[in-house]
Amino acid sequence: MPELLFPLDSSKSFTDQQIVGHNRWHPDIPPAVTVKPGDTFRAHCREWFDGAIHNDDSADDILNAPLNNVHTLSGPFAIEGAEPGDLLIVDILDVGPIPQEDSGPLAGQGWGYTGIFATRNGGGFLTEQFPDAYKAIWDFSGQSTTSRHVPHVKYTGMVHPGLMGTAPSPALLGTWNALEATLIATDPDRVPPLALPPEPDGAVLGSLSGAEFDRVAGEAARTAPPRENGGNQDIKNLTKGTRVFYPVFVPGANLSFGDLHFSQGDGEITFCGAIEMGGFMDLHVDLIKGGMETYGVTENAIFLPGNTDPQYSEWIAFSGTSVTLDGEQRYLDSDLAYQRACLHAIDYLTTFGYSPEQAYLLLGSAPIEGRLSGVVDIPNSCATVYIPTAIFDFPIAPSKEGPVQIDPGMGAPTASFG
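Sequence order as written defines the numbering, with residues in each chain counted from 1. Two thresholds apply to this predicted model, a pLDDT of at least 70 for residue-level local features and 80 or more for giving and counting side-chain atom pairs, whereas whole-chain, interface and lining totals are computed over all residues. Each side-chain value is derived from all of the structure's non-hydrogen atoms; neither hydrogens nor water enter the calculation.

An unreviewed UniProt entry annotates the protein as Acetamidase/formamidase family protein of Gordonia hankookensis.

As structure tokens, this is what we get:
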């Protein structure tokens, strides 16, 4: 096993650990650990809500999930000799649930969860159709997972970090905050909001304290969106064996990561759409000096996906176009087209006995593939969603006999603000 450089004790909260991570982006968050180019190491990762979500049949915890506190990131890891303009090479050698802990109160101890977030607490891709909170618990067995809340399916996990990235420069951080403030100002009262401005409440900033903590907390960017430094990209294919090339914006690069997922569909459409868990990552790091200019990577990472994904060969696919549910034509709106494809898939799955919420949770957590299938034929963009048929324990394709009627079990727990 590689040397464990960022340990986490499952009996303690994220802020009571031997080494404290962070949950904001800022160039002045001090490195927690320093490594050298060529080093291999292990780090533990806490699930993104630090144990606020429970293995039970209630969705009250999803309804009241503390969004100001996310994400619980391991790091920053400074890489000796890294300078702005370099490319940081990160190899994901291994990633999995919390080691040697197959049961317990924390997600990653033999179980994980998927949530539909209420519109008033973050919402999701289909929040207009699903405004309330729902939850599904998933039990792990080796590489597979099943759920008492979404029965008759079994997935092979595509285990990956939802979030990994380098620290922004002061200039890049200022750009983020200015752009997002301008966007928020166009509709400041929107629910859910258009963006999340800096928020000192709930900020965790590693070893910072006092006046410096207060300054950084008031400037630091939230970790919720994907950004030019990588960030919360939620790319399901960043699995074991992946090599990522991150732009370096500050001395040392200051790599951080977390938000591990046991499985996820393209888009993580319920917002908490993956199977969330804590666990570990084994990483190898190296540098390409001056690589940003050499390869034209001035922003956003490039990556070589791993080759350990589950091998599904048969799919059932649904398509959508850029016309709203109210019949309004939009011009090449690929986001809308993917929403419509997902809604068509949900409608289809309900004919077998699933509730719409169970189907939505399934699409967020299963290894579905989302594709932009047509983006040039005006006015309609076409998007498609592919569901592997092997995850179901009943025939899922249309037939002359009609859809098999399954027992949907207890269903997905729900909660609302009333």
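(A) Spotlight on the sheet that holds strand E20 (residues 315–321). Should DSSP find at least two bridges between two strands, the strands are taken to pair. Numbering of helices and strands runs from the N terminus, with a helix taken as a DSSP run of H or I at least four residues long and a strand as a DSSP run of E at least two residues long. Pairing in this open sheet of three strands is antiparallel, and the strands run E20-E22-E21 from one edge to the other. On the outer flanks of this sheet lie E20 and strand E21 (369–374), each paired with one strand and no other. The average angle at which neighbouring strand axes cross in this sheet is 25°, direction not considered. Across seven bridges, E20 lies against strand E22 (residues 382–388) in antiparallel orientation. Across the sheet, Phe 318 pairs through a bridge with Val 385, a residue of E22. A contact between two residues is defined here by any heavy atoms of the two lying within 4.5 Å. In this analysis an axis means a line fitted to C-alpha atoms, helices contributing only their contacting stretch, and an angle means the value between N-to-C directions, from 0 to 180 degrees. Contacting E20, E21 and E22, helix H5 (residues 334–350) runs over the sheet at an angle of about 130° to E20.

(B) Just the sheet that holds strand E15 (residues 243–247), in detail. Reading across from one edge, E1-E4-E18-E6-E15-E19 is the order of the six strands in this open sheet, with mixed pairing throughout. On the outer flanks of this sheet lie strand E1 (3–6) and strand E19 (302–304), each paired with one strand and no other. Geometrically, the sheet is characterised by an average inter-axis angle of 35° between neighbouring strands, direction not taken into account. By the bridge criterion, three bridges tie E1 to strand E4 (residues 40–45) in an arrangement that is parallel. Its bridge partner being in E4, Phe 6 is matched across the sheet by Ala 43.

(C) Focus on the side chain of Thr 384. Note on placement: Thr 384 falls in strand E22. Within the structure, Thr 384 has its side chain in polar contact with the side chain of Ser 373 (distance 2.6 Å). With near-sequence residues (within four places) excluded, Thr 384 lies in contact with Phe 318, Ser 319, Tyr 338, Ala 341, Glu 369, Gly 370, Arg 371 and Ser 373. Think of a polar contact as two N or O atoms within 3.5 Å of one another; within protein, one of them needs to be a possible hydrogen donor and the other a possible acceptor, and neighboring residues in sequence only count if both atoms come from side chains.

(D) Geometry of the domain arrangement of the protein. Segmentation of the chain into domains, including their bounds, is taken from an automatic or database domain assignment. For the protein, the domain assignment lists domain 1 (4–304) and domain 2 (315–409). Each of domain 1 and domain 2 was reduced to a C-alpha centroid, and the two centroids are 27 Å apart. As used here, buried area is the combined drop in accessible area, with a 1.4 Å probe, of two parts when they are placed together. A per-residue breakdown of the area domain 1 buries against domain 2 is headed by Phe 125, Phe 130 and His 152, which together make up 26% of the total. Applying the counting rule to domain 1 against domain 2 returns 17 residue pairs in polar contact (both at pLDDT 80 or more). Counting residues per element, the ones that place at least two in the side of domain 1 that touches domain 2 are strand E7 (111–116), strand E8 (133–141), strand E10 (155–156) and strand E17 (271–276). Looking at the side of domain 1 that touches domain 2 element by element, the count peaks at four residues for E8. Residue composition of the side of domain 1 that touches domain 2, grouped by class: 15 nonpolar, 12 polar and five charged. Note on residue categories: nonpolar means Ala, Val, Leu, Ile, Met, Phe, Trp, Tyr, Cys or Pro, charged means Asp, Glu, Lys or Arg, and polar means any other residue, Gly included.

(E) Geometry of the nonpolar core. Remark: nonpolar core denotes a set of buried residues (Ala, Val, Leu, Ile, Met, Phe, Trp, Tyr, Cys) joined through side-chain atoms within 4.5 Å. Any residue under 20% of the maximum accessible area for its type is buried, any over 50% is exposed, and the rest in between are partly exposed; the area is computed with a 1.4 Å probe on protein chains only. Of all hydrophobic cores here, the largest spans 77 residues; its most connected members are Phe 77, Leu 88, Leu 255, Phe 257, Leu 362, Ile 387 and Phe 392. Counting residues per element, this core draws most heavily on H5, which supplies nine residues. Per-domain counts for this core show at least three residues from each of domain 1 (4–304) and domain 2 (315–409). Not counting the four nearest positions on each side in its chain, Phe 77 is found in contact with Leu 5, Phe 6, Val 33, Val 35, Phe 41, Ala 43, Gly 252, Asn 254, Leu 255 and Phe 257.

(F) Inspection of the packing of H5 against helix H6 (residues 356–365) at higher detail. Contact geometry for H5 and H6: axes closest at 9 Å, N-to-C directions at 125°. When the axes of H5 and H6 are compared, the pair comes out oblique. The element H5 and its partner H6 pack so that their crossing is right-handed. On H6, the residues that touch Cys 342, Ala 345, Ile 346, Leu 349 and Thr 350 of H5 are Pro 356, Ala 359, Tyr 360, Leu 362 and Leu 363. By residue class, the composition of the contact of H5 with H6 is nine nonpolar, one polar and no charged. The labels follow the angle: roughly parallel below 35 degrees, roughly antiparallel above 145, roughly perpendicular from 65 to 115, and oblique for the rest. By convention, the crossing between two helices is left-handed when the near helix turns anticlockwise from the far helix through less than a right angle, and right-handed when the turn is clockwise.

(G) Layout of the layout of surface pockets. Taken as a whole, the second largest pocket holds about 320 Å³ of empty space. When residues of the lining of the second largest pocket are traced back to their parent elements, those giving at least two are strand E6 (87–97) and E8. Counting residues per element, the lining of the second largest pocket draws most heavily on E6, at four residues. A breakdown of the residues in the lining of the second largest pocket according to their chemical character gives seven nonpolar, eight polar and three charged. A pocket, in this scheme, is an open set of points on a 1 Å grid over the protein atoms alone with protein on both sides within 12 Å along at least 5 of 7 lines, while a cavity is a set where a 1.4 Å probe fits but cannot get out; residues line either one if an atom lies within 4 Å of a point. Grid points are joined across faces, edges and corners, and a volume is the space filled by probe spheres set on the points.

(H) Region of the structure containing a nonpolar patch on the surface. Taken together, the side chains of Leu 372, Val 375 and Val 376 make up a nonpolar region of the molecular surface, amounting to roughly 310 Å² of accessible area. When you line up the elements, Val 376 lands in the loop between E21 and E22. Residue classification places Val 376 among the exposed positions, given a relative accessible area of 64%. Residues enter patches when they are more than 30% accessible in relative terms and free of salt bridges; like-charged ones are connected within 9 Å and nonpolar ones (Val, Leu, Ile, Met, Phe, Trp, Tyr) within 5 Å. In short, Shrake-Rupley with a 1.4 Å probe defines the accessible areas, and a residue's cover is counted only from the protein chains shown. Here, a salt bridge means any Lys or Arg side-chain nitrogen found within 4 Å of an Asp or Glu carboxyl oxygen.

(I) View of the state of the cysteines. Note on terminology: disulfide denotes any pair of cysteine sulfur atoms within 2.5 Å. On inspection of all chains with the given rule, the structure shows zero disulfides. Left unpaired, Cys 342 is separated from the closest cysteine sulfur, that of Cys 382, by 12 Å. Given the relative accessible area of 0%, Cys 342 is considered buried.

(J) Here's a closer look at the environment of Leu 336. With respect to the helices, strands and loops of the structure, Leu 336 is situated in helix H5. In the structure, Leu 336 is positioned 11 residues away from Leu 325 in sequence and 9.8 Å away in space, judged by C-alpha atoms. Those residues in contact with Leu 336 that sit more than four places away from it in its chain are Thr 321, Ser 322, Val 323, Thr 324 and Arg 330.

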